[in-house]
Every structure is written in C-alpha cells, then in structure tokens.
Amino acid sequence: MKIASWNVNSLNVRLPHLEQWLRDARPDVVGLQETKLEDAKFPDSALAALGYRSVFAGQKTYNGVALLARDRAIEAVQVGIPGFEDEQKRVIAATIDGVRVVNLYVVNGQDVGTDKYAYKLRWLAAVEAWLEHERRAHPDLVVLGDFNIAPDDRDVHDPAVWNESHILTSADERAALQRLLGLGLHDAFRLHHTQGGIFSWWDYRQAGFRRDLGLRIDLTLVSDSLRDRAVASGVDREPRTWDRPSDHAPAWVELRRRD
DNA sequence: ATGGTAGTAAGACTA
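None of these values were measured; they are calculated from a predicted model.

S.K.: Any details on helix α4 (residues 171-181)? Residues and values, ideally.
M.R.: Along α4, the residues that are buried comprise E173, R174, A176, L177 and L180. All buried residues of α4 fall inside an arc of 155° around its axis, so they share one side. Check the buried side of α4 and you find it contacts α3 (115-137), β9 (185-187) and β12 (218-223).

Below, the structure is given as structure tokens:
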C-alpha cells in the first residue's frame with residue numbers, strides 16, 4: 001500500500017496536477033494539505049472518476065486537508081484534534097485498510113517568538129497528547145503531512161541559515177517533532193535513505209527550486225508495528241517541475257502486505 | 001536579505 005502526502009497549495013489551481021500525479025504514481029492513500037477550498041467546492045466527483053474516494057475538511061482561502069483512498073473504504077473519520085478548539089482546518093484522520101492515517105497540516109509559525117510561533121508549539125503539544133492515545137488505539141498508525149519542521153541538518157540546503165533560531169528548524173520545533181517520534185513513530189524516509197539534500201519544499205521566491213534551495217518538511221511517520229512493512233519511501237520531485245506547480249512535492253511510503 | 005513569489009480575492013494576509 002503506497003501512502004503519500006502532498007501540500008497542493010490550492011486544490012482549485014492544482015487539480016490537474018493532482019489528477020496527473022494520481023495516474024502516474026498510483027498511490028493507494030493520499031493526504032492533501034492546503035486545499036484552500038470549502039467542502040461544498042471539493043472536487044470529489046473528479047477524484048472519484050479516477051477511482052478515489054475522498055473525505056475532507058476545508059475552509060475558504062486558508063488551510064484545508066483531505067484524505068483520498070483508491071478502491072478502499074475510508075472509515076472512522078476524525079476532523080480536528082479532539083478537545084482542542086481550532087477554527088483552522090489542519091487535521092483529518094481516518095482508518096483505511098486497517099491502518100489509522102492521521103493527516104496534519106502543521107502550523108507554519110511565521111517567525112520564532114511571534115504569536116503564530118506560540119500557536120504552533122501549542123498546537124504540536126495538543127497533537128502529541130492526541131497521538132499518544134491514537135497509537136494505543138491503533139498500533140498500525142501512519143502520521144503524515146506538511147510538518148513545517150525539517151528534522152535535521154541533512155534536511156536543509158543551508159544549515160547556517162536554517163539554524164536553531166530559525167523558523168522550521170528551531171530548537172523548540174525540532175524538540176516537538178522528536179517528542180512525536182518518541183511516541184514510537186519513525187520518519188519513513190530515514191528508514192531507507194541516509195543522505196542529505198533530498199527536499200520536499202522549495203520557496204517560490206528567488207528561483208528556489210531551480211537552485212535546489214529546499215527543505216524536507218513533508219514527512220510520513222510510521223508506527224513501530226508498521227516499521228517492518230515499510231519497504232520503500234521517497235519524495236517525488238517531478239510535479240515540482242510542472243507548469244505552475246505547488247511549492248511542495250509529494251512524499252510517500254510503501255507498505256508491503258501483512259504476513 | 002525589513003526582499004523575493006504565489007494564492008486568495010480584491011487590499012492584505014499567509015506561507
């Protein structure tokens with residue numbers, strides 16, 4: 001089962017890219033972020049035409065998440081973090097083929113020390129408390145999404161700029177990510193790749209992609225029980241080369257069948 | 001880089 005995460009930065013603009021990529025990559029499950037669409041405008045019938053069912057939690061202009069599954073039921077859908085009041089649509093979770101899939105659009109945080117940064121850390125603490133429960137309820141757990149945190153220096157093009165006091169790489173953000181991993185989750189990409197310089201996001205500004213000035217902030221985390229089933233993982237750079245692309249590329253993990 | 005580009009939506013906000 002191939003499970004992917006993609007921040008599409010407006011599904012309205014990116015629907016043709018998503019359709020093309022679904023045909024090319026044939027993922028079984030996809031978590032989307034930044035759909036920027038109200039639910040009434042979600043293109044569920046266009047996706048159904050490609051064989052994908054979808055569930056979604058959107059809002060106008062900002063945020064918005066969705067889960068897609070090909071030829072599989074999407075069950076026990078949860079929107080938002082239980083008990084955490086938040087108008088921003090950043091979380092959707094569901095059970096697909098016995099795997100609990102949690103799709104996160106982590107708060108960006110703007111700059112270290114801002115109100116948005118404090119919200120990011122608060123939000124991550126709430127996610128941690130929730131996932132503590134989720135991993136006990138669902139041993140086969142995948143947590144994926146746009147984490148807006150680069151795990152370590154291999155995941156940034158310039159560690160001198162992207163340092164312990166910079167947004168997306170700050171000490172507090174990385175510590176929050178480590179606490180999620182401490183629940184018994186593993187960055188699937190690092191199960192199969194040790195090299196640095198593989199990125200999933202490149203700033204639109206200053207020709208970031210052409211110069212490969214990127215970060216790896218789109219992650220697929222797998223639980224202990226799924227670790228041995230994770231046989232391959234990667235980031236698919238190709239859609240980032242297409243005309244009028246998202247600033248993010250899809251990140252994916254392949255799980256082999258249960259024994 | 002107190003810039004830069006893109007999306008939304010019609011000027012500023014978010015990333």
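Having put the structure on the table, let's press on.
S.K.: Can you break down the protein's contact with DNA strand B residue by residue, with the values?
M.R.: Lining the immediate environment of DNA strand B, one finds 15 residues, of which S10, R14, K60, T61 and R205 sit closest. For DNA strand B, the fraction of atoms within 4 Å of the protein that belong to sugar or phosphate moieties is 70%. Take S10: an N or O atom from its side chain is 2.3 Å from a phosphate oxygen of DNA strand B. Between a phosphate oxygen of DNA strand B and a side-chain N or O atom of R244, the distance comes to 3.2 Å. The element best represented in the surface near DNA strand B is helix α1 (residues 11-25), accounting for three residues.

S.K.: I'd like a description of the sheet that holds β12, backed by residues and values.
M.R.: A sheet is described by the order of its strands in space; here six strands give the open sequence β5-β6-β7-β8-β12-β9, paired in mixed fashion. The sheet terminates laterally at β5 (75-79) and β9, the two strands that pair on one side only. The mean angle between the axes of side-by-side strands here comes to 20°, regardless of whether they run parallel or antiparallel. Bridging between strand β7 (residues 99-105) and strand β8 (residues 141-146) involves six bridges; their strand directions are parallel.

S.K.: Lay out α3 with the relevant residues and their values.
M.R.: Because each turn of an α-helix spans 3.6 residues, side chains separated by three or four positions in sequence point in the same direction. Along its 23 residues, α3 runs 33 Å from first to last C-alpha, staying within 8% of the 33 Å computed at 1.5 Å per residue. Every buried residue belonging to α3 is among Y117, Y119, K120, W123, L124, A126, V127, W130, L131 and E134, and all of these are buried. Those residues of α3 hidden inside the fold are in contact with β5, β6 (91-96), β7, β8, α4 and β9.

S.K.: If you had to explain the packing of α3 against α4 to someone new, which residues and values would you point to?
M.R.: When two helices pack together, their arrangement is given by the angle between the helix axes and the distance between those axes. Following both chains from N to C, one finds α3 and α4 inclined at 10°, their axes separated by 10 Å at the closest point. Classified by the interaxial angle, the pair formed by α3 and α4 is roughly parallel. Residues Y117, K120, L121, L124, V127, E128 and L131 of α3 pack against D172, E173, A176, R179 and L180 of α4.

S.K.: Pulling in residues and values, what's your account of the sheet that holds strand β2 (residues 29-33)?
M.R.: Read across the open sheet, the six strands follow the order β3-β4-β2-β1-β14-β13; overall the sheet is mixed. The open sheet has two free edges, formed respectively by β3 (52-57) and β13 (230-235), since each of these has just one partner strand. Averaged over all pairs of adjacent strands, the angle between their axes in this sheet comes to 15°, without regard to strand direction. By the bridge criterion, four bridges tie strand β1 (residues 2-7) to strand β14 (residues 251-255) in an arrangement that is antiparallel. Bridging from a neighbouring strand, A4 pairs with W252 of β14. Against the sheet, α1 contacts β1, β2, β3 and β4 (65-70), and its axis sits at roughly 160° relative to β1.

S.K.: Outline the UniProt feature "site: Transition state stabilizer" (unreviewed entry) in chain A, supporting the account with residue identities and numerical values.
M.R.: Listed under "site: Transition state stabilizer" (unreviewed entry) in the UniProt record, and renumbered for this structure, are N148. Considering the arrangement of structural elements, one finds N148 in the loop between β8 and α4. N148 gets classed as buried once you look at its relative accessible area, which sits at 5%. Discounting residues that sit within four places of it in the chain, N148 has contacts with Y105, V106, V107, N108, K120, L168, E173 and I217. From its side chain, N148 meets the backbone oxygen of V106 in a polar contact 2.9 Å long.

Scoring rules and cut-offs
Residues numbered from 1 in each chain as written. Chains lettered and ligands numbered in written order. Predicted model: local features only at pLDDT ≥ 70, side-chain atom pairs only at ≥ 80, totals over all residues. Heavy atoms only, no water. Buried < 20%, exposed > 50% of the residue type's maximum accessible area, 1.4 Å probe, protein only. Helix = DSSP H or I, 4+ residues; strand = E, 2+ residues; numbered from the N terminus. Arc of directions from axis to C-beta. Contact = heavy atoms within 4.5 Å. Near = heavy atom within 4 Å. Polar contact = N/O pair within 3.5 Å; in protein donor to acceptor, adjacent residues only side chain to side chain. Pairing = 2+ DSSP bridges. Axes fitted to C-alpha atoms, helices over the stretch in contact; angles between N-to-C directions. Expected span 1.5 Å × (residues − 1). Parallel < 35°, antiparallel > 145°, perpendicular 65-115°, else oblique. UniProt positions renumbered as here; feature names shortened; annotations may be inferred.

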